[in-house]
Amino acid sequence: MSFELSNILDNNSDNIFLSFKANWCKPCKIIEPYINELSKMEQYKHISFINIDIDDNKEIVEYLDINSIPTFISFKNKNKIGNYTGIDKEQIINLINSL
């Protein structure tokens, strides 16, 4: 496991939603406000929402084999339970609801 991912999993809640993005990514900019809104909702307070810029975190990107963005990955009790690449809000909600 990469050092960066290990730190994230060790230092956050048991339910983690990783959002991989980049400043130059248009689809990332489109979906980012939606993800931010979800992260503030009471029903998702048990989840740590973490944004990861792929340009600044190459080790974790390589370890998790992120090839396209935006990509979202959910972890429960340090185990990867799902991922989705794209901006379909229903798919993102389904992934978050798996936590």
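As a reminder, the structure under discussion sits directly above these lines.
To keep things clear, this report deals only with the structure shown in the data block. (Residues numbered from 1 in each chain as written. Predicted model: local features only at pLDDT ≥ 70, side-chain atom pairs only at ≥ 80, totals over all residues. Heavy atoms only, no water.)

### Let's talk about empty space enclosed by the protein
To find leftover empty space, a probe the size of one water molecule is rolled over the atoms. On inspection of all chains with the given rule, the structure shows one cavity of 30 Å³ or more. Looking at the largest cavity, its volume works out to about 40 Å³. Lining the largest cavity are Ser19, Lys21, Cys28, Ile31, Glu32, Ile35, Asn51, Pro70 and Phe72. At the level of elements, β1 (15–21) and α2 (26–39) are the ones that each hand at least two residues to the lining of the largest cavity. Here the lining of the largest cavity takes four residues from α2, the largest share from any one element. Looking at the lining of the largest cavity residue by residue, the classes come out as five nonpolar, two polar and two charged. (1 Å grid on protein atoms, 1.4 Å probe; cavity = no way out; pocket = protein on both sides within 12 Å on 5 of 7 lines; lining within 4 Å. Points joined across faces, edges and corners; volume = space filled by probe spheres on them. Helix = DSSP H or I, 4+ residues; strand = E, 2+ residues; numbered from the N terminus. Nonpolar A, V, L, I, M, F, W, Y, C, P; charged D, E, K, R; others polar.)

### A closer look at the pattern of salt bridges
For the coordinates displayed, the defined rule picks out two salt bridges. When the shortest N-O distance is used, the salt bridge between Asp10 and Lys78 registers 2.7 Å. Placement of the pair is Asp10 in helix α1 (residues 3–10) and Lys78 in the loop between β3 (71–76) and β4 (79–85), with a sequence separation of 68 residues. Among the residues examined, Asp10 registers a relative accessible area of 44% and is labelled partly exposed. The salt bridge involving Lys21 is made with Glu32; its shortest N-O contact spans 2.6 Å. With Lys21 in strand β1 and Glu32 in helix α2, this residue pair connects regions lying 11 residues apart in the sequence. The exposure class of Glu32 is partly exposed, given its relative accessible area of 26%. (Salt bridge = Lys/Arg side-chain N within 4 Å of Asp/Glu carboxyl O. Buried < 20%, exposed > 50% of the residue type's maximum accessible area, 1.4 Å probe, protein only.)

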